[in-house]
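Fold and geometry: a report
Listed below, chain by chain, are the residues.
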Amino acid sequence: MDTANVYGWGENKGRTEEIIGSWFAGDRSRRDKVVLATKVYGNMAGDGDPWPNHDRLSALNIRRAVDASPKRLQTDHIDLYQFHHIDRRTPFEEIWQAIDVLVQQGKIVYAGSSNFPGWGIAKANETARRLGSYGLVSEQCLYNLAERRAEMEVIPAAQDYGLGVIPWSPLHGGLLGGVIKKENEGKRRASGRSADALANSSVREQVQAYEDLLDKHGLEPGETALAWLLTRPGVTGPIVGPRTADQLASALRAVELELSQEVLTGLDEIFPGPGPSPEAFAW
């Protein structure tokens, strides 16, 4: 289960952690069956400009946040504590000092990053190596068929340092979930990220070609997008956020779905990646 201290946003910051905590409280055996991940970085002190140490990755904010999140989650420890964004103001020496104390106290087990650039992963883990700290074990990044820039630097850095890659928004806000077909059938209108993307005619042509390819092979778009991620080097598993039981069942089917080489080649032709780094931008 993946969440963050700020999820719920606005006056509801922390609400998603509370929902998970209520679920744990309903049956205490559930906690041992879950890998629990949450995040720290955002301002939890209210709206407007935060005071120093009310956000980012200062040792004080990390200490405050890691005391508050388990209370909402109704647990005594966090399995994976993730830095929600790179902090350009706080040195990693300070960050790892705070994390090492929390590990020793048994409040967290591992630390991970989210939305880090490749250089940030390298800097974090080289600093950890120098200090004798364990370092990052995972990177959670925006990665899907329609958004493959992570292949240029982030995923190679994660692979080189042995981090698991946990893609978020695997359907790109619904864009890869059969959005055009659903619109045409009157089932659901595109919104948010997918609506913005479809306003671009070239993107709409791409998505239409994607849906046509999968229709030809009798494949469901959402399941295919998830299954494609599971074929990618370095990917541990995409984060899914189903709204319904049917969507959850569809996501689970993706684990068993094997994509043919013909389909994989067709997907690469429709959504080409940037290519390896540095060749993608240097030559």
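A few points on the structure. In this text the structure is predicted, and so the values were computed from the model without any measurement.

What follows deals with the overall build of the protein chain. When its secondary structure is counted, the protein chain shows twelve helices and five strands. Relative to the 2.2 N^0.38 estimate, which gives 19 Å for 283 residues, the radius of gyration of the protein chain is 20 Å and therefore close to what a compact globule would have. Put simply, of all contacts in the protein chain between residues at least 6 apart along the chain, 74% involve residues at least 24 apart. If you sum the accessible surface of the protein chain, you get close to 14,800 Å²; carbon and sulfur atoms cover 50% of it.

To continue, consider a nonpolar patch on the surface. Together, Val109, Tyr110 and Tyr134 make up an exposed nonpolar region whose accessible area comes to about 340 Å². Residue classification places tyrosine 134 among the exposed positions, given a relative accessible area of 66%.

Attention now moves to the packing of helix H3 (residues 92-105) against helix H4 (residues 118-131). Between H3 and H4, the least distance of the axes is 10 Å, while the angle of their chain directions is 60°. The handedness of the crossing between H3 and H4 is right-handed. The residues of H4 that touch H3, namely those facing Phe92, Glu93 and Trp96, are Gly120, Lys123, Ala124, Asn125, Thr127, Ala128, Arg130 and Leu131. The class makeup of the residues in the contact of H3 with H4 is five nonpolar, three polar and three charged.

An order of S1-S2-S3-S4-S5 is seen for the five strands of this open sheet, with the pairing classed as parallel. Unpaired on one side and paired on the other, strand S1 (37-40) and strand S5 (164-168) mark the two borders of the sheet. For this sheet, the mean angle separating the axes of adjacent strands, direction not counted, is 30°. Sheet analysis places S1 next to strand S2 (residues 78-83), joined by four bridges and oriented parallel. Paired with lysine 39 across the two strands is glutamine 82, which belongs to S2.

The full count for this structure, using the stated rule, is eight aromatic pairs. Taking 5.7 Å as the distance between ring centres and 55° as the angle between the ring planes, the aromatic pair formed by tyrosine 7 and tryptophan 9 counts as tilted. Classification of tryptophan 9 by relative accessible area gives exposed; the value is 51%. Taken together, Phe83, Phe92, Trp96 and Phe116 form an aromatic cluster joined through their ring pairs.

It is worth spelling out unusual backbone geometry at this point. In this chain, serine 277 is followed by proline 278 through a cis amide linkage whose omega measures 10°. Relative to the assigned elements, proline 278 resides in the loop between helix H11 (261-270) and helix H12 (279-282). Of note in the backbone geometry, tryptophan 9 takes a positive phi value of approximately 60° without being a glycine. Inspection of the secondary structure puts tryptophan 9 in the segment before helix H1 (15-26). The phi dihedral of asparagine 53 falls on the positive side, at around 75°, and the residue is not glycine.

Examined against the element boundaries, glutamate 147 turns out to sit in the loop between strand S4 (136-142) and helix H5 (154-160). For glutamate 147, a relative accessible area of 13% translates into the label buried. Polar contacts involving the side chain of glutamate 147 include one to the side chain of arginine 149, which spans 2.9 Å. Dropping the residues within four chain positions of it, glutamate 147 is found in contact with Leu142 and His172.

Let's shift gears to the nonpolar core. Judged by nonpolar contacts, the single largest core of 49 residues is most densely connected at Tyr81, Phe83, Trp96, Ile99, Tyr210 and Leu267. Once residues lying within four places of it in the same chain are set aside, the contact partners of tyrosine 81 are Thr38, Lys39, Val40, Ile62, Ala65, Val66, Ile99, Ile108, Tyr110, Ala111 and Gly112. Judged by nonpolar contacts, the second largest core, of eight residues, contains Ile180, Leu198, Val203 and Val207.

Calculation criteria
Residues numbered from 1 in each chain as written. Predicted model: local features only at pLDDT ≥ 70, side-chain atom pairs only at ≥ 80, totals over all residues. Heavy atoms only, no water. Helix = DSSP H or I, 4+ residues; strand = E, 2+ residues; numbered from the N terminus. Rg over C-alpha atoms; globule rule 2.2 N^0.38 Å. Contact = heavy atoms within 4.5 Å. Areas by Shrake-Rupley, 256 points an atom, 1.4 Å probe, with all protein chains shown as cover. Patch = residues over 30% accessible without salt bridge, like charges linked within 9 Å, V, L, I, M, F, W, Y side chains within 5 Å. Salt bridge = Lys/Arg side-chain N within 4 Å of Asp/Glu carboxyl O. Buried < 20%, exposed > 50% of the residue type's maximum accessible area, 1.4 Å probe, protein only. Axes fitted to C-alpha atoms, helices over the stretch in contact; angles between N-to-C directions. Left-handed = near helix turned anticlockwise from the far one by under 90°. Nonpolar A, V, L, I, M, F, W, Y, C, P; charged D, E, K, R; others polar. Pairing = 2+ DSSP bridges. Phe/Tyr/Trp six-rings, centres within 6.5 Å; stacked < 30°, edge-to-face > 60°. Polar contact = N/O pair within 3.5 Å; in protein donor to acceptor, adjacent residues only side chain to side chain. Core = buried A, V, L, I, M, F, W, Y, C linked by side-chain atoms within 4.5 Å.

Note that every value here comes from positions in space, so none of it alone points to a role or purpose.
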